[in-house]
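Report on the structure
If you want the building blocks of each chain, they are given just below.
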Amino acid sequence: MKNTTHLSRRKFLGSSATLIAGTALVSHPLLGAVLPGKAPMFPNSVIKGVQIGVITYSFRSMPDQSAAATLRYVLDCGINAIELMGDPAEAFAGKSESPVDRRAYYGLRRAREGGELTGDQQQELERMEAQLASYNKEVAQWREKVSMDKFKELRKMYNDAGVSIYAFKPAAFGSDNTDAEIEYGFRAAKTLGAGHVTLEHPGDYAQTKRLATLAKKYNMKIGYHGHEQQTPTFWDVALEQSPNNGLNLDLGHYVAAGNTNPLEIIKSKHDRILSMHIKDRQSPAHGKGNLIWGSGNTPIAEALQLMRDNRYTFPATIELEYEIPEGSDAVQQVTRCLAYCKDALS
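Counting of residues starts from 1 at the beginning of each chain's written sequence and follows it residue by residue. Whole-chain, interface and lining totals are the exception, using all residues; otherwise, since this is a predicted model, local features are given only for residues with pLDDT of at least 70 and side-chain atom pairs are given and counted only at 80 or more. Think of the side-chain values as coming from all heavy atoms in the structure, minus any hydrogens and water.

Quick look at the environment of Thr-178
As a reminder, the rule being used: Secondary structure follows DSSP: runs of H or I at least 4 residues long count as helices, runs of E at least 2 residues long count as strands, and numbering of each begins at the N terminus. Accessibility here uses a 1.4 Å probe with only protein chains present; expressed as a share of the type maximum, an area under 20% marks a residue as buried, one over 50% as exposed, and anything in between as partly exposed. Working rule for contacts: check all heavy atoms of both residues, and any pair within 4.5 Å makes them a contact. Between N or O atoms, a polar contact is any pair within 3.5 Å; within protein, one atom must be a potential hydrogen donor and the other a potential acceptor, and residues adjacent in sequence are included only when both atoms are from side chains.
Relative to the helices and strands, Thr-178 resides in the loop between β4 (164-169) and α7 (179-192). A relative accessible area of 31% means that Thr-178 is categorised as partly exposed. Thr-178 sits 38 residues away from Ala-140 along the chain, and the two C-alpha atoms are 7.6 Å apart. Those residues in contact with Thr-178 that sit more than four places away from it in its chain are Glu-144 and Arg-210. One polar contact links the side chain of Thr-178 to the main-chain amide nitrogen of Glu-181, over a distance of 3.0 Å.

Quick look at the packing of helix α11 (residues 262-269) against helix α12 (residues 300-310)
Test applied: Fitted lines through C-alpha atoms give the axes, limited to the stretch in contact for helices. The angle between two N-to-C directions lies from 0 to 180 degrees. By definition in this entry, angles of less than 35 degrees are roughly parallel, angles greater than 145 are roughly antiparallel, angles of 65 to 115 are roughly perpendicular, and the rest are oblique. The sense of a crossing depends on the near helix, which, turned anticlockwise from the far helix by less than a right angle, makes the crossing left-handed and, turned clockwise, makes it right-handed.
For the pair α11 and α12, the least separation of the axes is 10 Å and the interaxial angle reads 20°. Classified by the interaxial angle, the pair formed by α11 and α12 is roughly parallel. In this structure, the crossing between α11 and α12 has a hand that is right-handed. For the pair α11 and α12, contact is made by Leu-263, Ile-266 and Lys-267 and by Glu-302, Ala-303 and Leu-306, respectively.

Observations regarding the side chain of Asn-177
Looking at where Asn-177 falls in the secondary structure, it is placed in the loop between β4 and α7. Residue class for Asn-177 comes out buried when judged on its relative accessible area of 11%. Engagement of the side chain of Asn-177 in a polar contact is seen with the backbone nitrogen of Phe-173, the distance being 3.4 Å. Engagement of the side chain of Asn-177 in a polar contact is seen with the side chain of Glu-181, the distance being 3.1 Å. Once residues lying within four places of it in the same chain are set aside, the contact partners of Asn-177 are Arg-143, Ala-171, Ala-172, Ile-182 and Arg-210.

Right, here's the structure in full:
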């Protein structure tokens, strides 16, 4: 499918350079001193009524993954609202660091699924799995007892810099997590100011019902995320189970899954969409690639215009997943994605 209001890559890059230059002029407490006699300037990524946010997963390639550094990345991009991943917040609140290199771990798991593990790699994977099992028990105990005070402090730090947290995504909502862990996740999200949590759709409707029941206690909603298993009916059972269940639609993955009318799901389920990830992926006929915005088949511009014209209130969340060009970094590329959104909504 070809975008009907396609933004050219040249226009995208040119506009993003302008936005990057403008963003560099913004002053706030975490970016240096405010100009004499001037009040702090806070980021504003609400464009023509559409809230553009970012999931902090987009900054996973940056060297410092602390909560303070993550906030700085968000501010450097000129964004004022986020979906916060669990690790920076939980580390800030005192969770111990995992003993397992997760990239290595998931690499070995993929190799096992492909039947490509050597004997030594199998032993290494088993060792990692044992370490993770022990660590997860430790984390579960920590979550059951941890005070919300550090989450309050984190919310204040972000809010004081002009950034709100609309969604929280800790790895606390799986079928192997205890009820106490799940309730911790909702309490932490609420303390951070989030209106919903996000998680991968479990494909287990007993679990979506369990989560919704616990979410109701905290007046929280759950946005279920999908990849290439997304279809127009993918969320229907969970939505029927509870008003606390909703969508964390991923428009790019939806296109890569082969759905031919991605705008229709926004129209038909807009009242249950809690947030929407945006990225530019190709359709199956073109290879399903994850590309620099404006190069793929995902109708990002049209989707944002649909939100603007119909006054849909859920945020559109930038998720940086394409390969970062040499000499650039995640902050520069998220800033360029924001420029694309600005052009689309102008």
